[in-house]
Structure formats: C-alpha cells, structure tokens
Amino acid sequence: MRIGITAGMGSAGGGAGSGTGASSTGGGAGSGRSAGGGSGTGAGSGAPRKRFAETTAELADYEKAGVELITVPELYGFDAVSRLGYVAAKTTRANLASGILQLYTRTPALLAMTAASLDDLSDGRFELGIGTSGPQVIEGFHGVPFDAPIGRTRETIEICRQVWRREPLTYTGRHYTVPLPPGQGTGLGKPLKLVDHPVRDRIPVTIAAIGPQNVALAAEIANGWQPPFYIPEKAADVWGAPLREGGAKRDPALGRLDVHIGVALAIGDDVHHLHEVTRPGRALYIGGMGARGRNFYNDLASRFGYPEAAQEIQDLYLAGQKKEAEAAVPEDLLVKTSLIGTEGHVRDRLSALAESGVTTVTVRPLAPDHAGRVRQVELLRALADDL
C-alpha cells in the first residue's frame, strides 16, 4: 500500500480539516481540497500560519519516512500547478500529484501541456489528478457552465493522451473539437503536436469521482480513482457495481486501478479525542459543499448509511448553525473514515482498506509538531509493510 501526504499541511497538528488530503472531491465531483484548507500549525493554537515554502521544506523528512506520493490540492485558493513545480524542485523520490485540477478551468490541451511540464520537472514522477468539482465552484467562481461532467472527463483524458503521444491533435467529440472547425472560429486552425518531447507518453491519470457513472468511467479509462471519503465495509455496496462495469471495459495495459483515499492519522493510546479535529471538515462537505439537492458529499453520506444525519447536518449548516452541524456528524462516521486509534485499531483499519481494494492512502498526520507528524508516518509505513 502506498502512503501519501498533502504538501503544505502544516495544519496537521490539528486544523479544521477532514483529513482527506488530496481528494476531497466534488469528485465525482472533485473539488480537490484538503478541508482544513490552511497551513497553520494547529487548531486554536494561535500560532502563525505557515507559508507553503516553509512546510514544503519539510517534505524530504516525509520521503525518508516512507512517503511515496505528495499531493497538492486546488479548489479556489492558490493554484496547484505553481506549487507542484516548487515541490518538484524540493523532492527527489516521491511521486507528485495534483489533487485535483478542475476540468472546466483549463482546456484539455492545456491540461496535457501542464502535466507534461510537471512530469519533466519531476523526472517522470507526476500523476495527473482531475475532477469536475461542482456547480458552486465552476459556475460561482469561474463563471462557466457546469455541464456534461462525464463526457467532458472522458474526452479530456483522450485528448491528453493524444497530446502526450505527440500526435497532431485532431479530435471530434460531443464537447471538444480540435482544431476548431470553420463556422465556430476563423477557420484558420490546423492540427498541431506538442513541441516538446514528454518524459512519458502515458502519464498516470486519476479521476476524483463519487457518482456511479463517473466511478465506472474511472474504472474503465483511468489509472486511479479517488473518492472523497471512504468506508471499506460499505464500499462494495456503494461503488461495487460501477467499478465492475467499468473494469469489464478496462484496457489491460492500464494495469490495476489505483484506489486512492485520504484520511486523518493518529496512532497512540490516547488519541481518540483527535476525531474531533476531523468533525468541522466533515460538516463542511456534507452540509455546505453544494446546494440542497445538489450536494454530492451529502448524497454519499446517505449512501454510506447515515441519511438522517446527513439531512440534519445540511439543514443546520445551510441555516448558518455550523457548530450545531458539526455536532451532528456521527462519531461512527468519523471513526470509520480515519486512521485514529491504537496501533492495533489502525492495523485492523488498514487491513480492511486493503481488503476492499484500496492501494494508496494519503494521510493527514495529527501531531503537535513536525517531528511528531513524521513519526506518525513512520509508524503507519511499518504497519502497511506488514500487511
């Protein structure tokens, strides 16, 4: 099992985050944000917020501790691409991933160029994480229509792979046509191929996805799939059918689907209280990350077996009662979507994750200082190696 972390996670001492690290998608949606958001040093600590460059300087220690993947999130804050280039210069071994880049904010060709550049800067260590986000971000922040998420995802990946192969780009789909045909522009466009030579012509692509159609698509054409939060005991009930459907059409050359989840991490005899650190993030996503009737995370919480709680959390959150919404998040949900507990408990949860098909775990280690966070990763690495 691969172990990952999120770059710029100086808040790992205990911010408001969900511990999802890379994913938190509107994925299926794919918003790609660590719900804690900032890079401060602790919840309520009053400590100054660390800048990205400060926390990135610590990444070499995580590489030594066994981290194999470093993800940089993007929602509607600082862009991920600039920071990924910085991380590439500060690391040597771990793979780097966008977590996630939102499809509607970049053309498919620009996504392909960006991924090829980051793969070059990192000597072939980049993984392209993409997702559609949701209407609130895409229409509310970027001002473009949120339409055809499944079709756009498929066509974007097909275009990216054509660009990476350095073929003259010609593509006719329902949502993208390249070059732009006469009547839709000047008529002067012509097929072009990437000027530079990519390190790889098959850069791994991970789709952040929740809904059955998008999950099936990930299982069919992507290298990886990233759900926003994950309960291994319920995963087959929620996603088993679309994973089988997509897997039946999967090109064997893609290899096994990398199932990539994010969790908060704390291993010890007196850490149960740290579940409270994840409560605000869960409430934010289940209650407030989307409109009533169009919240992918709320729907997922219901499908995981918490429909009444999901409704209550949303009602409270949308009414402006955020603390009450946080209190309504079931502790059982917090426990099952994290790796917080004794060594034996975490070992059991890791086994359950592996048995359900999880292959990559991005963690948000909860400890008061950098040395403590690195130690948490070392403990997890040892447990994962014993599976």
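Going by the structure above, here's the rest.
Because the structure is a prediction, the values reported are computed rather than measured. (Residues numbered from 1 in each chain as written. Predicted model: local features only at pLDDT ≥ 70, side-chain atom pairs only at ≥ 80, totals over all residues. Heavy atoms only, no water.)

**Regarding the overall build of the protein chain**
Looking only at helices and strands, one finds 15 helices and 12 strands in the protein chain. Considering the protein chain as a whole, with its 387 residues, one finds that 57% of them fall into the buried category. Look at the contacts in the protein chain between residues 6 or more apart in sequence, and 75% of them connect residues 24 or more apart. With an accessible surface of roughly 15,700 Å², the protein chain has 52% of that area assigned to carbon and sulfur atoms. (Helix = DSSP H or I, 4+ residues; strand = E, 2+ residues; numbered from the N terminus. Buried < 20%, exposed > 50% of the residue type's maximum accessible area, 1.4 Å probe, protein only. Contact = heavy atoms within 4.5 Å. Areas by Shrake-Rupley, 256 points an atom, 1.4 Å probe, with all protein chains shown as cover.)

**Structural notes on the pairing of strand E10 (residues 258-267)**
Here E10 lies mainly inside the structure; 10 of its 10 residues are buried. Looking at chain direction, strand E9 (residues 224-226) and E10 are connected through two bridges and run parallel. Residue Gly-224 lies in a different strand from E10, and its bridge partner there is Asp-258. Each parallel crossover has a hand, and the one from E9 via helix H8 (residues 232-247) to E10 is right-handed. (Pairing = 2+ DSSP bridges. Right-handed = clockwise from strand over helix to strand, strands pointing away.)

**Considerations on the packing of aromatic side chains**
Evaluated as defined, the whole model comprises eight aromatic pairs. The interplanar angle of 40° and the centroid separation of 5.2 Å between the aromatic rings of Tyr-104 and Phe-146 together place this pair among those described as tilted. Pair noted here: Tyr-104 is in the loop between strand E4 (101-102) and helix H4 (108-121) and Phe-146 is in the loop between helix H5 (135-138) and helix H6 (149-164), with a separation of 42 residues, a long-range link. Accessibility assignment for this pair places Tyr-104 and Phe-146 in one class, buried. Seen from their ring centres, Trp-239 and Phe-304 are 5.6 Å apart, and the 90° between their planes marks the pair as edge-to-face. Of this pair, Trp-239 sits in helix H8 while Phe-304 is found in the loop between helix H10 (296-303) and helix H11 (307-318), placing the two residues 65 residues apart along the sequence. The pair Trp-239 / Phe-304 is uniform in exposure class, with both members buried. Members of the aromatic cluster, connected to one another through ring pairs, are Trp-225, Phe-229, Tyr-230, Trp-239 and Phe-304. For the cation-ring pair, Arg-83 lies above Phe-52, with the distance from its terminal atom to the ring centre recorded as 5.3 Å. (Phe/Tyr/Trp six-rings, centres within 6.5 Å; stacked < 30°, edge-to-face > 60°. Lys NZ or Arg CZ within 6 Å of the ring centre and 35° of its normal.)

**Description of the pattern of salt bridges**
Evaluation of the coordinates by the stated rule reveals 17 salt bridges. Across the pair Glu-378 and Arg-375 runs a salt bridge whose closest N-O atoms are separated by 3.4 Å. Within this pair, Glu-378 and its partner Arg-375 are both found in helix H15 (residues 370-385), separated by three residues, close to a single helical turn. Connected through shared salt-bridge partners, Arg-2, Glu-127 and Asp-258 make up one network. (Salt bridge = Lys/Arg side-chain N within 4 Å of Asp/Glu carboxyl O.)

**A word on the side chain of His-260**
Positionally, His-260 belongs in strand E10. One polar contact links His-260 to Thr-362, side chain to side chain, over a distance of 2.7 Å. (Polar contact = N/O pair within 3.5 Å; in protein donor to acceptor, adjacent residues only side chain to side chain.)

**Re helix H14 (residues 343-355)**
Helical geometry: 3.6 residues make up each α-helical turn, so side chains three or four residues apart lie on a common side. For H14, which comprises 13 residues, the first-to-last C-alpha distance of 18 Å matches the rise-based estimate of 18 Å (1.5 Å per residue) to within 8%. When we look at burial in H14, the residues that qualify are Val-346, Arg-349, Leu-350, Ala-352 and Leu-353. Viewed along the axis of H14, the buried residues span an arc of 160°, placing them on a single side of the element. Set apart from the buried face of H14 by more than 90 degrees, the exposed residues are Asp-348 and Glu-355. At its buried positions, H14 is contacted by H8, E10, helix H13 (331-336), strand E11 (339-341), strand E12 (360-365) and H15. Once H14 finishes, Gly-357 follows within two positions and takes phi at roughly 110°, a positive value. (Expected span 1.5 Å × (residues − 1). Arc of directions from axis to C-beta.)

**Focus: the packing of helix H7 (residues 212-221) against H8**
Running from amino to carboxyl end, H7 crosses H8 at an angle of 40°, the nearest separation of the two axes being 7 Å. By the angle class used here, H7 and H8 are oblique. Once H7 is placed against H8, the crossing between them reads as right-handed. Contact residues: Pro-212, Val-215, Ala-216, Ala-219 and Glu-220 in H7; Trp-239, Pro-242, Leu-243, Glu-245, Gly-246 and Gly-247 in H8. Residues belonging to the contact of H7 with H8 are distributed by class as follows: seven nonpolar, two polar and two charged. (Axes fitted to C-alpha atoms, helices over the stretch in contact; angles between N-to-C directions. Parallel < 35°, antiparallel > 145°, perpendicular 65-115°, else oblique. Left-handed = near helix turned anticlockwise from the far one by under 90°. Nonpolar A, V, L, I, M, F, W, Y, C, P; charged D, E, K, R; others polar.)

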